[in-house]
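Single-letter residue listing:
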Amino acid sequence: MLSKTKISKIELASYICNASGPSDSILEELEIIAKSDSSAIMMKSCTIKPRIGNPEPRYVHLPLGSIQSMGLPNLGYQKYIRFASQLKKYNKPIIASVAGLSIEDYRVMVEAFQKSEVNLIEVNLSCPNVEGKSQVAYDFEQTEKVLRVISNLGDIPLGLKLPAYFDFIHQKQMAQLILKYNISFITCINSVGNTLFIDPEKEMPVIKPKKGFGGLCGDYIKPIALANVRAFYELLDDKVSIFGVGGIKSGLDAFEFLIAGADAVQVATVFEKEGESCFTRINQELEEILKRKNYNSIQEAKGRLKHL
Ligand code: DHB
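Calculation criteria
- Every chain is numbered independently, its residues counted from 1 as its sequence is written.
- Per-residue local features of the predicted model are confined to residues with pLDDT of at least 70, and side-chain atom pairs are confined, for both listing and counting, to 80 or more; whole-chain, interface and lining totals are unaffected and use all residues.
- As a rule here, side-chain values cover all heavy atoms of the structure and leave hydrogens and water aside.
- One heavy atom suffices: a residue is near a molecule or strand as soon as one of its heavy atoms comes within 4 Å of it.
- The definition of a polar contact used here is a pair of N or O atoms within 3.5 Å, where within protein one atom must be able to donate a hydrogen and the other to accept one, and adjacent residues in sequence count solely through side-chain atom pairs.
- Where accessible areas are quoted, they stem from the Shrake-Rupley method and a 1.4 Å probe; at the residue level, only the protein chains shown are allowed to cover.
- Residues are sorted three ways: Asp, Glu, Lys and Arg are charged, Ala, Val, Leu, Ile, Met, Phe, Trp, Tyr, Cys and Pro are nonpolar, and all the rest, Gly among them, are polar.
- Here a strand is any run of E in DSSP of at least two residues, a helix any run of H or I of at least four, and the numbering for each starts at the N terminus.
- In this scheme, a residue with accessible area under 20% of its type's maximum is buried, one over 50% is exposed, and one in between is partly exposed, where area comes from a 1.4 Å probe on protein chains only.
- Note on contacts: a residue pair is in contact if any heavy atoms of the two residues lie within 4.5 Å.
- Angles shown run from 0 to 180 degrees and are taken between the N-to-C directions of axes, each axis being a line fitted to C-alpha atoms and, for helices, limited to the stretch in contact.
- By the definition adopted for this analysis, an angle is roughly parallel if under 35 degrees, roughly antiparallel if over 145, roughly perpendicular if from 65 to 115, and oblique otherwise.
- Note: crossing handedness is left-handed where the near helix turns anticlockwise from the far helix by less than a right angle, and right-handed where it turns clockwise.
- Strand pairing is defined by DSSP finding a minimum of two bridges between the two strands.
- Each patch is built from salt-bridge-free residues with over 30% relative accessible area, joining like charges within 9 Å and nonpolar side chains (Val, Leu, Ile, Met, Phe, Trp, Tyr) within 5 Å.
- Salt bridge criterion: a side-chain nitrogen from Lys or Arg within 4 Å of a carboxyl oxygen from Asp or Glu.
- With the strands pointing away from the viewer, any crossover whose connection runs clockwise from the first strand over the helix to the second is right-handed.
- To form a nonpolar core, buried Ala, Val, Leu, Ile, Met, Phe, Trp, Tyr and Cys residues must be joined to one another through side-chain atoms within 4.5 Å.
- Here a pair means two rings of Phe, Tyr or Trp (six-membered ring of Trp) with centres within 6.5 Å. Their orientation is stacked below 30 degrees between planes, edge-to-face above 60, and tilted elsewhere.

*Asks:* Talk me through the site of the ligand; I want residue IDs and the actual numbers.
*Replies:* Near the ligand, the surroundings consist of Lys44, Gln68, Met70, Gly71, Leu72, Pro73, Asn124, Cys127, Pro128, Asn129, Asn190 and Ser191. At 2.7 Å from an oxygen atom of the ligand is found a main-chain nitrogen or oxygen belonging to Gly71. The protein chains hide 93% of the 290 Å² of surface that the ligand would expose on its own. Considering only residue class, the shell around the ligand consists of 5 nonpolar, 6 polar and 1 charged.

*Asks:* Tell me about the side chain of Asp253, and name the residues and values.
*Replies:* Here Asp253 shows up in helix H7 (residues 251-260). Exposure remark for Asp253: the relative accessible area of 7% places this residue in the buried category. From its side chain, Asp253 meets the backbone nitrogen of Lys249 in a polar contact 2.9 Å long. In contact with Asp253, other than residues within four places in its own chain, are Lys222, Gly247 and Ile248.

*Asks:* Which residues make up the packing of H7 against helix H9 (residues 277-292), and what values go with them?
*Replies:* Where H7 meets H9, the closest approach of the two axes is 7 Å, and the angle between their N-to-C directions is 60°. Taken together, the axes of H7 and H9 are oblique relative to one another. The chirality of how H7 crosses H9 is right-handed. Taking contact as the criterion, the partners of Gly251, Leu252, Ala254, Phe255 and Leu258 in H7 are, on H9, Ile282, Glu285, Leu286, Ile289 and Leu290. Residues belonging to the contact of H7 with H9 are distributed by class as follows: 8 nonpolar, 1 polar and 1 charged.

*Asks:* How would you explain the packing of helix H6 (residues 222-236) against H7 if you had to name every residue and give the values?
*Replies:* Following both chains from N to C, one finds H6 and H7 inclined at 25°, their axes separated by 8 Å at the closest point. With respect to each other, H6 and H7 are oriented roughly parallel. The way H6 lies across H7 gives a crossing that is right-handed. On H7, the residues touching Lys222, Ala225, Leu226, Val229, Arg230 and Tyr233 of H6 are Asp253, Glu256, Phe257, Ile259 and Ala260. Residues belonging to the contact of H6 with H7 are distributed by class as follows: 7 nonpolar, no polar and 4 charged.

*Asks:* Now, about the sheet that holds strand S4 (residues 41-42): what can you tell me, with residues and values included?
*Replies:* Strand order in the open sheet made by the 8 strands is S3-S16-S15-S10-S9-S8-S7-S4, with parallel pairing throughout. The strands lining the two open edges of the sheet, one partner per strand, are strand S3 (16-18) and S4. One ladder, built from 4 bridges, connects strand S10 (residues 185-188) with strand S15 (residues 241-245); its direction is parallel. By the bridge assignment for S15, Ile186 is matched with Ile242.

*Asks:* Now, about a nonpolar patch on the surface: what can you tell me, with residues and values included?
*Replies:* The grouping of Leu196, Ile198 and Phe213 at the surface amounts to a nonpolar patch, some 270 Å² of accessible area in total. Here Phe213 shows up in strand S14 (residues 213-218). You can call Phe213 partly exposed: its relative accessible area is 36%.

*Asks:* Please provide a residue-by-residue account of the pairing of strand S9 (residues 158-162), values included.
*Replies:* Burial analysis of S9 places 5 of its 5 residues in the buried class, the great majority of the element. Handedness of the crossover joining strand S8 (residues 120-124) and S9 through helix H4 (residues 140-150) is recorded here as right-handed. As judged from the 4 bridges shared by S9 and S10, these two strands associate in the parallel manner. Considered in S10, the bridge of Gly159 is made with Phe185. In terms of handedness, the path from S9 via helix H5 (residues 168-180) over to S10 forms a crossover that is right-handed.

*Asks:* How would you summarise the nonpolar core if you had to cite specific residues and measurements?
*Replies:* Counting 83 residues, the largest nonpolar core has Met43 and Phe232 as its most contacted members. In this structure, Ile7, Met42, Leu120 and Phe185 belong to the second largest nonpolar core, which totals 11 residues.

*Asks:* Outline the packing of aromatic side chains, supporting the account with residue identities and numerical values.
*Replies:* The full count for this structure, using the stated rule, is 8 aromatic pairs. Plain terms: the ring middles of Tyr80 and Phe83 are 5.4 Å apart, the flat faces sit at 90° to each other, and that makes the pair edge-to-face. You can see Tyr80 and its partner Phe83 sitting in helix H2 (residues 77-87), 3 residues apart, about one turn around the helix. Under the relative-accessibility criterion, Tyr80 is labelled buried at 1%. By relative accessible area, which is 7% here, Phe83 ends up buried. Plain terms: the ring middles of Phe271 and Phe279 are 5.2 Å apart, the flat faces sit at 50° to each other, and that makes the pair tilted. Each member of the aromatic cluster is reached from another via a ring pair, and the members are Tyr138, Phe140, Tyr165 and Phe232.

Okay, here's the thing in structure tokens:
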């Protein structure tokens, strides 16, 4: 496969896998991902205790993507540790996603996953949908407190799921922390938090939680995601692997993330809309583009963005 790649020391058979969020909360859904052409099995962001999440409607498809405020519905981290053992037989990298509601939660969950069968641990510092909780990665002091307690708990590579930044100084501050605490990979970007989509006929928002404020996904956020991937690629000097995510629904979108500097990409909205065949399709489209442009590997094309 032309599009095989690596995140930290973990080999992925192709450039595309699922993002944490859609259809990855229960074992049956994770087995569908395991049997698909997704190059990894990413699990739903988990908390210490199971959560039912926010009231519905909490996920709505939009013309160019989706808006969601799920509120972290999940089965609790211990279930995902058990699922990792049950999914091992598929011989595909398994990725945990942890979303603490406190610093101590992050410590407890990262410590537990460090002793589990997962291959990578993505630490979600950017969930926008829990009422009364801010996105950790917008607060650099809070982020450092989390990194201090999670960065030396074991050998499984740790990554950070980051929110969108809109100012270079913020990406620079975050990059300094990433390098200081030896973080192995980052995932850019989470859904753009606290956006508002309005139905003008009903004169109401389209989702119920938080008076309609929710995370925006899909085409709307692709340029924001590309900018964050590129900015971090330049700041991190290839010392840290990058997962790109945000509006990837074709091989051409994936190729744009590749030349911006992403080592691999994750897909969420397109998986929710199209089902698991999206992994096969996007992968084939990307392979054709690489062949047409005479690139022999992901590594050869990575970061190759030119300037005007
Ligand atoms: C949820 C949304 C996110 O964007 C995220 O990173 C984690 C959880 C949610 O609402 O469930």
